[in-house]
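# Report on the structure
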Amino acid sequence: MTQDEEIRQLAGEISGSQKILTAMGDEMRQHLILVMMTSGDCSGMRVNDIAAKTSLSRPAVSHHLQILKDAGLVKMRREGTKNYYYFNEDTGALDGLIRMLEHARNLMRALPDRSGYD
């Protein structure tokens, strides 16, 4: 594959990773992920429980969880009127991000040194 073809492929991979990049690029969503990971409850957490462990309101937590859900990182289970959020066991979104980053790294390594003549 030519370098131009590799770069076009990488562009597609970057485009396909936009939702997860956006989801994980936000500092508050990073915090929510860590709060959920450290909760010790694999069955899921409710918005109220997450809000109680952060400085966010319930609507703000819901908003961030929806972005994480849209990115494929989090799923939601409904039990009656209660919603429980938990990590998606299908790590396809993360796997795609890792492949894209590895592809970018490999392309960058193959580029000529342009740092000058130090």
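Our subject is the structure listed above.
Values in this document were obtained by computation on a predicted structure and should not be read as measured data. (Residues numbered from 1 in each chain as written. Predicted model: local features only at pLDDT ≥ 70, side-chain atom pairs only at ≥ 80, totals over all residues. Heavy atoms only, no water.)

### A closer look at helix 3 (residues 27-38)
With 12 residues, helix 3 should cover 16 Å at 1.5 Å per step; its first-to-last C-alpha distance of 17 Å lies within 8% of that length. Regarding helix 3, the residues found buried are Arg 29, Leu 32, Ile 33, Val 35 and Met 36. Considered in projection along helix 3, the buried side chains sweep an arc of 160° and stay on one side of the axis. Residues Glu 27, Met 37 and Thr 38 are exposed on helix 3 and point more than 90 degrees away from its buried face. (Helix = DSSP H or I, 4+ residues; strand = E, 2+ residues; numbered from the N terminus. Expected span 1.5 Å × (residues − 1). Buried < 20%, exposed > 50% of the residue type's maximum accessible area, 1.4 Å probe, protein only. Arc of directions from axis to C-beta.)

### Quick word on the pattern of salt bridges
Inspection of every chain in the model, using the stated rule, returns 2 salt bridges. The shortest N-O distance in the salt bridge between Glu 89 and Lys 75 comes to 3.3 Å. Within this pair, whereas Glu 89 is found in the loop between strand 2 (82-87) and helix 6 (92-110), its partner Lys 75 is found in strand 1 (residues 74-79), the two being separated by 14 residues in sequence. Looking at Glu 89, the relative accessible area reads 57%, which means it is exposed. Its salt-bridge partner being Glu 79, residue Arg 77 comes within 2.9 Å of it at the nearest N-O pair. Residue classification places Glu 79 among the partly exposed positions, given a relative accessible area of 42%. (Salt bridge = Lys/Arg side-chain N within 4 Å of Asp/Glu carboxyl O.)

### So, the side chain of Thr 54
Tracing the chain through its elements places Thr 54 in the loop between helix 4 (47-52) and helix 5 (58-70). Polar side-chain contacts of Thr 54 include one of 3.2 Å to the backbone nitrogen of Leu 56. With residues near it in sequence (within four places) discarded, Thr 54 still touches His 31, Leu 32, Val 35 and Val 61. (Polar contact = N/O pair within 3.5 Å; in protein donor to acceptor, adjacent residues only side chain to side chain. Contact = heavy atoms within 4.5 Å.)

### Considerations on the pairing of strand 2
Bridge analysis of strand 1 against strand 2 gives 6 bridges, and the strand direction is antiparallel. Note on strand 2: the bridge partner recorded for Lys 75 is Tyr 86. Hairpin connection of strand 1 to strand 2: 2 residues between the antiparallel strands, including Gly 80 at a positive phi of 65°. (Pairing = 2+ DSSP bridges.)

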